[in-house]
Amino acid sequence: MIDKVDEFEAYRAKMNNKLIKENNKVIKRIFNLDTNSFAEGSLDKKTKELLGLVASLVLRCDDCVKYHLESSYKSGWSRSQVMEALSISTLVGGTIVIPHLRRAHEFWEAIEEKYQNQ
């Protein structure tokens, strides 16, 4: 079985590298802004990851949700904390978010399986 987490990470890294190699100033600045926005500040990185997760689910960006789920896991958020955040996302986003919630839950399970077996 292909590890969903590894597959996502590999694809994301490959495509990000290709995009950076295009040497487009706007794309590079957006990537830089994204990276710096999640650095420590008045809010800690852990909180920012959960905020990113909530916004990503409301906006229905599955790739963003996957990225922030893994980052949230690595930041130390528990399953129950993440599920509560996802419940608020679903409330705010409405029933149209439910398919993305299902995929988020499935990816969280893949993350737990990957990191708990290491």
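Residues numbered from 1 in each chain as written. Predicted model: local features only at pLDDT ≥ 70, side-chain atom pairs only at ≥ 80, totals over all residues. Heavy atoms only, no water.

Judged by nonpolar contacts, the single largest core of 18 residues is most densely connected at L53, L69, V82 and L86. For this core, the secondary-structure elements that each account for two or more residues are α1 (4-21), α3 (45-58), α4 (62-75), α5 (79-93) and α6 (98-116). Here this core takes 6 residues from α6, the largest share from any one element. The residues touching L86, leaving out its near neighbours within four places in the chain, are L53, L57, L69, L101 and A104. (Core = buried A, V, L, I, M, F, W, Y, C linked by side-chain atoms within 4.5 Å. Buried < 20%, exposed > 50% of the residue type's maximum accessible area, 1.4 Å probe, protein only. Helix = DSSP H or I, 4+ residues; strand = E, 2+ residues; numbered from the N terminus. Contact = heavy atoms within 4.5 Å.)

Interhelical geometry of α4 versus α6 gives an angle of 40° and a closest axis separation of 10 Å. Our classification of the angle between α4 and α6 gives oblique. The two elements α4 and α6 cross, and the hand of that crossing is right-handed. Contacts between α4 and α6 involve D62, V65, K66, L69, E70, Y73 and K74 from the first element and H100, R103, A104, F107, W108, I111, E112, Y115 and Q116 from the second. The class makeup of the residues in the contact of α4 with α6 is 8 nonpolar, 2 polar and 6 charged. (Axes fitted to C-alpha atoms, helices over the stretch in contact; angles between N-to-C directions. Parallel < 35°, antiparallel > 145°, perpendicular 65-115°, else oblique. Left-handed = near helix turned anticlockwise from the far one by under 90°. Nonpolar A, V, L, I, M, F, W, Y, C, P; charged D, E, K, R; others polar.)

Taken as a whole and assessed by the stated rule, the structure comprises 7 salt bridges. The salt bridge involving K4 is made with E106; its shortest N-O contact spans 2.6 Å. Taken together, the positions of K4 in helix α1 and E106 in helix α6 put the pair 102 residues apart, joining distant regions of the chain. The exposure class assigned to K4 is partly exposed, which follows from its relative accessible area of 31%. For D62, the salt bridge identified is with R103, shortest N-O distance 2.8 Å. Of this pair, D62 sits in helix α4 while R103 sits in helix α6, and the two are 41 residues apart along the sequence. In this structure D62 comes out as partly exposed when scored by relative accessible area, which is 22%. Given a relative accessible area of 38%, R103 falls into the partly exposed group. Within the structure, one salt-bridge network assembled from shared partners comprises D6, E9 and K114. (Salt bridge = Lys/Arg side-chain N within 4 Å of Asp/Glu carboxyl O.)

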